[in-house]
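# Structural characterization, general
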Amino acid sequence: MNDTDSDRTALPRISFVSLGCPKALVDSERIITRLRAEGYELTRNHAGADAVIVNTCGFLDSAKAESLEAIGAALNENGKVIVTGCMGAEPEQIRDRFPNVLAITGPQAYESVLGAVHAAVPPAHDPFLDLVPAQGIKLTPRHYAYLKISEGCNNRCSFCIIPKLRGDLASRPAGEVLREAEKLVAAGVKELLVISQDTSAYGLDLKYADSMFQDRTVRTRFYDLSRELGALGAWVRLHYVYPYPHVDEVVELMAEGIVIPYLDIPFQHASPNVLKAMKRPGNQDKALERIHRWREICPDIALRSTFIVGFPGETDADFDLLLDWIGEAKLDRVGAFKYEPVRGAAANDLGLPQVPDEVKELRYRRFMEKQQEISAKKLAAKVGKRLQVIIDEPGPTVSKGRSKFDAPEIDGSVFVASRRPLRAGDIVSVKIERADAYDLHGIAV
Ligand code: SF4
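Residues numbered from 1 in each chain as written. Predicted model: local features only at pLDDT ≥ 70, side-chain atom pairs only at ≥ 80, totals over all residues. Heavy atoms only, no water.

## Notes on the sheet that holds strand S3 (residues 51–56)
With parallel pairing, five strands are arranged side by side in an open sheet as S2-S1-S3-S4-S5. Strands at the two margins of the open sheet, each flanked by one partner only, are strand S2 (41–43) and strand S5 (103–104). This element, helix H5 (residues 110–120), spans strand S1 (13–18), S3, strand S4 (81–85) and S5 of the sheet and lies at about 175 degrees to S4. (Pairing = 2+ DSSP bridges. Helix = DSSP H or I, 4+ residues; strand = E, 2+ residues; numbered from the N terminus. Contact = heavy atoms within 4.5 Å. Axes fitted to C-alpha atoms, helices over the stretch in contact; angles between N-to-C directions.)

## Quick look at the confidence of the model for the protein chain
Counting all residues, the mean pLDDT for the protein chain is 88, and 93% of those residues have values of 70 or more. Scored below 50 in pLDDT, residues 1–9 shows four contacts in the model against residues more than four places distant or in partner chains. Below a pLDDT of 50 lies the segment residues 125–134, which in the model reaches 16 contacts outside its immediate sequence neighbourhood of four places, other chains included. (pLDDT = per-residue confidence, 0-100.)

## Quick word on the packing of aromatic side chains
One pass over the structure, following the stated rule, counts eight aromatic pairs. Through a chain of ring-to-ring contacts, three or more aromatic side chains come together here, namely Phe267, Phe307, Trp325 and Phe367. In this structure, Arg237 packs its charged tip against the face of Tyr262, placed 4.5 Å from the ring centre. The positively charged end of Lys382 is found above the aromatic ring belonging to Phe405, 4.6 Å away from the centroid. (Phe/Tyr/Trp six-rings, centres within 6.5 Å; stacked < 30°, edge-to-face > 60°. Lys NZ or Arg CZ within 6 Å of the ring centre and 35° of its normal.)

## Things to note about the side chain of Ser196
Take Ser196: it is sitting in the loop between strand S9 (191–195) and strand S10 (210–213). With relative accessibility at 0%, the residue Ser196 sits in the buried group. A distance of 3.2 Å separates a polar side-chain atom of Ser196 from the backbone nitrogen of Asp198. Among the polar contacts made by the side chain of Ser196, one reaches the side chain of Thr199 at a distance of 2.8 Å. Residues in contact with Ser196, not counting those within four places in the same chain, are Lys23, Ile149, Ser150 and Tyr240. (Buried < 20%, exposed > 50% of the residue type's maximum accessible area, 1.4 Å probe, protein only. Polar contact = N/O pair within 3.5 Å; in protein donor to acceptor, adjacent residues only side chain to side chain.)

## Here we look at the environment of Lys377
Tracing the backbone through its elements, the reader meets Lys377 in helix H13 (residues 357–380). Overall, Lys377 belongs to the exposed group, its relative accessible area being 62%. For the pair formed by Lys377 and Ala435, sequence separation is 58 residues and the distance between their alpha carbons is 9.2 Å.

Structural data, given as structure tokens:
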């Protein structure tokens with residue numbers, strides 16, 4: 001055994017499994033940052049760890065099944081398992097199946113997770129604080145980072161249990177968010193991905209209170225935060241925005257080049273009947289008007305959305321209306337889900353008929369086919385243009401990156417041929433030469 005190995009055996013080791021959405025990833029990053037600050041070492045190997053933390057996702061039944069599987073695997077391979085995250089809000093589901101887990105804590109229960117780790121594996125004597133970079137430990141590549149601006153949600157969409165799990169909207173003061181963003185940018189982050197459950201509602205719970213940032217006051221408000229973030233010098237990408245009228249002023253920031261021209265708006269459906277049953281926020285009847293207005297303000301804005309097909313009570317007419325709507329909205333990127341009843345969601349008690357699985361499947365395929373045509377046309381229209389591309393995965397001759405119109409992990413890529421070597425996080429100008437159904441291909445100029 002060499003010196004390094006003997007040092008390592010002195011450090012308590014935690015294996016960490018992070019499941020679920022970007023919001024859960026941010027929770028994982030915070031827990032890991034704290035663990036590293038206290039001198040714990042992270043390992044990907046359950047077998048060699050002193051304990052395992054599983055950050056679960058409880059949103060859909062399929063995500064719950066994945067979480068339970070991860071807990072089972074951790075118990076088999078290690079035996080000392082701490083469960084946190086969304087599924088932890090309903091501990092009996094986990095206890096029934098795995099009575100031996102050491103502790104179960106709910107989402108954002110950072111202190112409880114740390115307490116459970118301390119009980120299972122006491123921290124090393126020296127806290128190794130100097131091992132922690134000022135911006136925390138990122139699970140995402142160093143050149144982009146998720147920035148969580150609030151927790152919880154004041155809406156009560158009938159298919160969703162997030163407000164039950166995470167509570168009402170609780171915004172972080174603008175100054176606090178901006179200080180975190182500033183540190184991230186100073187540490188080399190080139191793209192900030194703003195996330196929350198409802199980004200456009202940011203600050204409502206704090207009555208848009210002023211907070212200090214640098215030597216001035218900034219309102220805890222969507223527009224003010226977006227403008228200040230845009231001034232930090234990184235790409236700022238906005239996720240989970242609803243089509244409220246006050247979003248128009250943020251789109252103006254996009255037209256001015258302050259925030260990148262990308263909006264992720266989960267529309268979920270277009271039929272008034274379905275939207276009513278879903279209890280969706282915002283005036284969705286006016287959603288098309290809003291989209292047209294945004295395109296007037298910022299013609300190259302990229303719009304991404306998600307939709308649910310096969311919601312209880314969705315008729316053929318509702319579905320046809322949805323198809324017509326996406327034909328008119330011409331969104332750039334779209335994800336779709338087949339409705340899955342989530343335990344505890346109000347949608348289960350609406351008394352509406354379930355859509356049979358084969359109908360859901362058919363509608364899903366028709367929906368995706370129609371959207372693929374639209375997305376492909378939109379991509380084809382970019383051929384011949386020059387786009388700024390951020391490099392995610394450098395390669396010897398071709399690197400993989402994204403334009404301002406693509407978010408990491410959910411949208412498409414731009415494959416960039418280059419004579420000079422590129423590095424992750426480089427932002428290069430690319431002449432687009434070819435498009436396929438999802439991606440663009442071009443040459444660095
Ligand atoms: S807006 Fe609706 S779907 Fe989104 S978190 Fe809130 S309740 Fe859930």
